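A structural walkthrough
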Amino acid sequence: MIKLFLILIFSIIIISKTGWDLPICNIETATLAITPRIFAEQTIDGQNQPVLVTRILHNKAGIFAQEAGRCYFNTLDPNFIASSTTLLGLIFWLYFVYRILIGRIWHLTAIFLLLPVLPFFNLASLIVVYTNKLFAIIGLIFLLVKSK
Amino acid sequence: MKKYILFLIILLASFLRLYKLGSVPPSLYWDEASLGYNAYSILTTGHDEHGRFLPLTNFAAFGDYKPPGYIYATVPSIAVFGLNEFAIRFPSALFGILTVLLSYFLAKKLFENAVVALLTSFFLAISPWHLQFSRGAFEANLGLFFSTLGIYLFLKFAKDNPRWIFPSALSFVAAIYTFTGQRLFVPFILLLLVIQFRKQLLTHMRIFMFTTVTAAILFWPLFVFATKTIEGQLRFNEVTIFKDLEPINESIRYRGKDNYSWWADLIHNRRFFYAYQYLIHYFDAANPGFLFIRGDVNPRLSIQEVGELYLIDLPLILAGIYFLFSKKQKFRILIIGWLLVAPIGPATARETPHALRMISILPTFQLISAYGFFQFYKFVKFKKFFIVLVFFLLILNFLFYLHMYYLHWPKNYSDQWQYGYKQAVEAIKPFYNDLDYVLVTKSQGRPYIYFLLYLKYDPKNFWPTAQIVKDKFFFLDVNGFDKFRFADNPNEIPITGKVLYVTSPGLLPPDAGKITTIKRLDNLPVFDIGEVAR
């Protein structure tokens, strides 16, 4: 009974948390970054370096991948998760990740890893926030169930 | 075979840390210059730049009261190589190489596996985080060596011979005397070690007590300085979040909304606001953008194009953490605990995540990723393909890092390293004897130390002529010495005679004849130098 009460109280706190802040980072910003970065980096590479080396190190695909990586990791930033689930929620969220990895719950792991891709393609960014809340609550349940 | 591989790794680590050490980073930033000149001053006079005889707990320097470890370590280097960039950075590079070697022995003690140990040292040898700090005169890097040595010797105490606890304690004391950040790392890592090896400590209580008392005696002078003097607390008070007033204001605002009731005082207590701020800063340490994409926001502490770790490290670290727990590795609590306690101290500061203050987290990431790699290798079916794939991606990451480090970063961020001072000193040298005054702008920060350093100015001549003032933040500022006068705007100093001006671009007095313009590596002007006779 007490556990159910705790789950309810913490879930309400996690769900009612507002004011999350996810930097604007998506396919458009990644595409916009390509031209100026290629220009800046190829200018510094200068005349003395073989063109092939420059093309390998500073190309559209590489820069796009780097920008996409930045966007992906923005959604896994602990402070973003804390801002969407509260600090306590972050701790439950971390416990959730620990449990799905140790417990080899691969379908949840796959969802967890693929979710940050959504905001990059401008697909329902808000889902990430609410899924984080859900993960935090599941983590809380894992924690309380474990302590039985 | 393993010995040869280790030798090759150390050779690689040495090359990466010593190649072009004097010219990349492009110039000495002011702390490096200060460390170098203080070491030179100790070498030639036995006193620091302000004339204090062999300081034990701190060097006043800019009023930041630097710990003494790095300065004393630089004395022999300057004696051998002379007063130059290479000599000032050499101790950091040397102890960086030794940390790579140490990481091998540490990993071997923890995992009892030579392959994991070799991988750990290899990962550290090519780590962007460790390379960045091994190639600059960073006290933090020397501090890292001592704290890692302390941990390794503690392991030797627990596993080999109880006598090792004594040198372990000495290493921890040396770490504290070398880098301020270690003062908030060593107590926590010691606590972890004590918890991990409590049985061995209880068995060898006498030597443990003797070591504790000796270490306490050695630490006492620094403890008194750090806790009982304004100067000792200055730096901490300057950077800590606990001196911010915003959490108090917020607490008052919330309590006001609840009419200052007793329960509002309890719920909206300012300590909760500070605790919240602290935790936000603590969790910043795990910011994936910082770790894997961009690194530290300060271009002096990271090249901005690669994370503090390589992207390929991410799956290896995750696998490492997974296998540490799933295999119930004997020292998993110590390794993960080390990873978790390292950000405790840095989280008290405003700027987080901070690669420099968090450096004591190394080489935990390398230990974990090496273990992850090894266990993954045992786990996968296509072993050769796995090795080729991981090393291909790692080498790709590594080559990109090297290219950016040597070619792009110095040009993009030479201003962050106060580039231009050395060239300015060289430009005024031929005129110096014929001049009455040299007026220098303070726009690039702390010019006096560069003129002392690059002129190899005798400290004995500096002490009687130095015009030192303490600013409102308690920093020490030098307004002049000998023929030099330093000011935000040198044109405002009324002076007659034969004068040489070193000003910001375009700010030479109208009657001055321009001698030269000093440019940064990105070709933007940094100083105009001109001469006038009035």
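Counting of residues starts from 1 at the beginning of each chain's written sequence and follows it residue by residue. Think of it this way: whatever chain is written first is A, whatever ligand is written first is 1, and the rest follow in order. pLDDT decides what is reported in this predicted model: residues at 70 or higher carry local features, side-chain atom pairs at 80 or more are listed and counted, and totals for whole chains, interfaces and linings draw on all residues regardless. To get the side-chain values, all heavy atoms of the structure are used, and hydrogens and water are removed first.

1. Topic: the UniProt feature "transmembrane region" (unreviewed entry) in chain A
Residues and elements named next belong to chain A. When the UniProt feature table is mapped to this numbering, "transmembrane region" (unreviewed entry) covers residues 80–98 and 127–145. In this text, helices come from DSSP runs of H or I with a minimum length of four residues, and strands from runs of E with a minimum of two, each type numbered from the N-terminal end. End C-alpha to end C-alpha, residues 80–98 measures 18 Å, and it is 95% helix and 0% strand. Within the segment residues 127–145, helix and strand shares are 100% and 0% respectively, and the terminal C-alpha atoms sit 26 Å apart. UniProt positions are given in the numbering used here, feature names are shortened, and annotations may be inferred rather than shown by experiment.

2. With respect to the interface of chain A and chain B
Here a residue-residue contact requires only that any non-hydrogen atoms of the pair lie within 4.5 Å. Every contact between the two is made by 23 residues of chain A and, on the other side, 25 residues of chain B. Buried area adds together the accessible area that both of two parts lose upon being put together, with accessible area traced by a 1.4 Å probe. Taking both partners together, chain A and chain B bury about 2300 Å²; carbon and sulfur atoms supply 68% of that area. Contact with chain B buries surface across chain A, with Ile44, Phe73 and Leu87 of chain A losing the most and accounting together for 29% of the total. One side-chain nitrogen of Lys or Arg within 4 Å of one carboxyl oxygen of Asp or Glu is enough to make a salt bridge. The tally of links between chain A and chain B comes to one salt bridge. Here Glu305 of chain B ties to Arg37 of chain A by a salt bridge, and the two come within 2.9 Å at their closest N and O atoms. Nitrogen and oxygen atoms within 3.5 Å of one another constitute a polar contact, given that in protein one can donate a hydrogen and the other can accept it, and given that sequence-neighbouring residues count only through two side-chain atoms. At the junction of chain A with chain B, the criterion picks out ten residue pairs in polar contact (both at pLDDT 80 or more). Contributions of two or more residues to the side of chain A that touches chain B are made by α2 (27–45), α4 (60–74), α5 (78–85) and α6 (87–102) of chain A.

3. As for the pattern of salt bridges
In this structure the tally under the stated criterion is 21 salt bridges over all chains. Among the salt bridges present, the one from Asp477 of chain B reaches Lys442 of chain B, with a minimum N-O distance of 2.8 Å. Residue Asp477 of chain B is found in strand β3 (residues 476–481), and its partner Lys442 of chain B is found in the loop between β1 (437–441) and α22 (447–454); the two are separated by 35 residues along the sequence. If you follow the salt bridges from partner to partner, you end up with Arg37, Glu41, Glu67 and Arg70 of chain A together with Glu305 of chain B in one network.

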